[in-house]
Amino acid sequence: MSHTLIPDLVLDAHGARSGLGVTIEGGRISEVGPVAEGERLPGKALAPGFVNDHSHAFQRGLRGAVERIEPSRPHDDFWTWRERMYALAEGLTPDSIREASRRCYEEMLSAGYTSVTEFHYVHHLPDGTPYEDPNALAKAVVLAAEDAGIRLLLLPVAYARGGIPRFRDASVEAFLRRVDDLKVWSEGRPLIEVGVAAHSIRAVTRGWLQELGDYARGGGLPLHIHADEQRREIEECQTEYDMRPVELLAEIGFLGPNTTVVHATHADERELNLLAGHGSSVCACPTTEGNLGDGFLPAMEILERGIRLSIGSDSHARIDPFEELRELETNARRLSGRRNVLLAEGETSPTPYLLRAGWGRGGLKAGDSADLIEIDLSHPALADVEAGNLPSALVFGSGSGVVVGAWVDGQSVCAPNDTGS
Ligand SMILES: [Zn+2]
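For the structure given in this document, a descriptive report is provided here. Everything quoted here is computed from the prediction, not taken from an experiment. (Residues numbered from 1 in each chain as written. Predicted model: local features only at pLDDT ≥ 70, side-chain atom pairs only at ≥ 80, totals over all residues. Heavy atoms only, no water.)

### Some remarks on the coordination of the zinc ion
Donor atoms from the polypeptide that coordinate the zinc ion comprise H54 (NE2), H56 (NE2) and H226 (NE2), at 2.0 to 2.2 Å from the metal. Donor residues for the zinc ion sit on one chain with the sequence pattern H-x1-H-x169-H. Of the two residues, H56 is situated in the loop between β6 (50-55) and α1 (78-90) and H226 in strand β11 (residues 223-227); the sequence distance between them amounts to 170 residues. This pair shows no difference in class: H56 is buried, exactly as H226 is. (Donors = N, O, S within 2.8 Å, 3.2 Å for Na, K, Ca; no water. Helix = DSSP H or I, 4+ residues; strand = E, 2+ residues; numbered from the N terminus. Buried < 20%, exposed > 50% of the residue type's maximum accessible area, 1.4 Å probe, protein only.)

Following this line, the structure appears as structure tokens:
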């Protein structure tokens, strides 16, 4: 059974086209072209759904609650924020993480994200004992994604030291057994893919990192890690290993084309060259990095080296893909004192580069997953914008409020008005 949607405009990274229909068949786009019959979407544009490549869904529970100092501790930074986050993580149960994750994923869909990469590290009972089903919390997150209807790349996260007991596994073998079981359990779930991650160099030992790299390579799995987010983390790595985080990752075989380094805020030139040389990616989370006072990643240097870039809403202080993309360019402008900074080769506007980073593709085409968003062209932010300027108006002059519908795997999953639960 195929289904054709006929919007006023189909948007891609470079512009907008009218007179096209998007035909969906079996969860994929089978054709984008002129059609006479289908479901008309008057006043709407269709575009690819955004990919949220880094999420800790439960951390959305901190929204608004951590925007003040404790008078006894007037210096607030990433490390004090982390204590508040640990306290939230301590209280999670399988039911509460499912509920919190579902709400977070529904908000993502309403904001235009149709796919999420969940960096999941709350694994066990608060004292560190595994649940009767050792993957109980990971499965709760999967069920939350299915409840909401969002596509999920679930990354069980290895945690060897530090943090709180419920993050940690006794051995890397025990951790990988859980990943194996989760992969088997997830088979046949169309929205779910399982990869693997290491939390960070401070939380995972060199031996574990090596094992995780081997495991991911052997299975062709996505492999993520937080790195170079905080200067203190880099100093600790240099003290322990006499090298910087990405240098260590390169040396032990953790980097490859399926590897994503999350943040890379303070990556230096040598580290960026290593990422480029291994074909690895960087995920930027500008709204969270700003909220936490992390800093801003070397976006121009990443672009110049052809390192693939994605975005994530990470702690969910804010969930808005347009804002993440805008932050990338406007921070690059603040730092350089120039305009239109993140230009890919041969392009005169940063918009195509930014949208490709957000969508993970350049537009809608046959063969792609039918993960789409519907944009309200009569929204006050867009109403008078010429069609050709719409992609830039989305990035520079609008927010998630312009998104009025989403399709995942060819299914209509939400209109923002539906989510007022
Ligand atoms: Zn993170």
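### Here we look at empty space enclosed by the protein
This model, assessed by the stated rule, comprises 3 cavities of 30 Å³ or more. There is about 150 Å³ of room inside the largest cavity. Around the largest cavity, the lining is made up of 17 residues, and of these F78, W81, M85, H199 and H226 lie nearest the centre. Of the residues forming the lining of the largest cavity, the biggest block, 5 residues, is contributed by α1. Residues belonging to the lining of the largest cavity are distributed by class as follows: 7 nonpolar, 6 polar and 4 charged. In this structure, the second largest cavity occupies an estimated 60 Å³ of space. (1 Å grid on protein atoms, 1.4 Å probe; cavity = no way out; pocket = protein on both sides within 12 Å on 5 of 7 lines; lining within 4 Å. Points joined across faces, edges and corners; volume = space filled by probe spheres on them. Nonpolar A, V, L, I, M, F, W, Y, C, P; charged D, E, K, R; others polar.)

### A few points about the packing of helix α4 (residues 172-186) against helix α5 (residues 206-219)
It is the contact of α4 with α5, at a shortest axis distance of 10 Å, that shows an interaxial angle of 25°. It follows from the interaxial angle that α4 and α5 lie roughly parallel. Crossing geometry of α4 relative to α5 is assigned as right-handed. Residues V172, F175, L176, V179, D180 and K183 of α4 touch α5, and the partners they reach there are W208, E211, L212 and Y215. A breakdown of the residues in the contact of α4 with α5 according to their chemical character gives 7 nonpolar, no polar and 3 charged. (Axes fitted to C-alpha atoms, helices over the stretch in contact; angles between N-to-C directions. Parallel < 35°, antiparallel > 145°, perpendicular 65-115°, else oblique. Left-handed = near helix turned anticlockwise from the far one by under 90°. Contact = heavy atoms within 4.5 Å.)

### Some details on helix α11 (residues 321-336)
Under the 1.5 Å per step criterion, the end-to-end length of α11 is 23 Å for 16 residues, consistent within 8% with the ideal 22 Å. Among all positions of α11, only P321, F322, E324, L325, R326, L328, E329, N331, A332 and R333 are buried. Measuring from the side-chain oxygen of the N-cap residue of α11 to the backbone nitrogen of F322 gives 2.9 Å; that N-cap residue is D320. Among the residues trailing α11, G337 stands out with phi positive, at a value near 70°. (Expected span 1.5 Å × (residues − 1). Polar contact = N/O pair within 3.5 Å; in protein donor to acceptor, adjacent residues only side chain to side chain.)

### What about the packing of α11 against helix α13 (residues 390-397)?
For the pair α11 and α13, interaxial distance at closest approach is 7 Å and the crossing angle is 80°. With respect to their mutual orientation, α11 and α13 come out roughly perpendicular. Contacts from F322, L325, R326, E329 and R333 in α11 reach L394, V395, F396 and G397 in α13. When grouped by side-chain class, the residues that make up the contact of α11 with α13 number 5 nonpolar, 1 polar and 3 charged.

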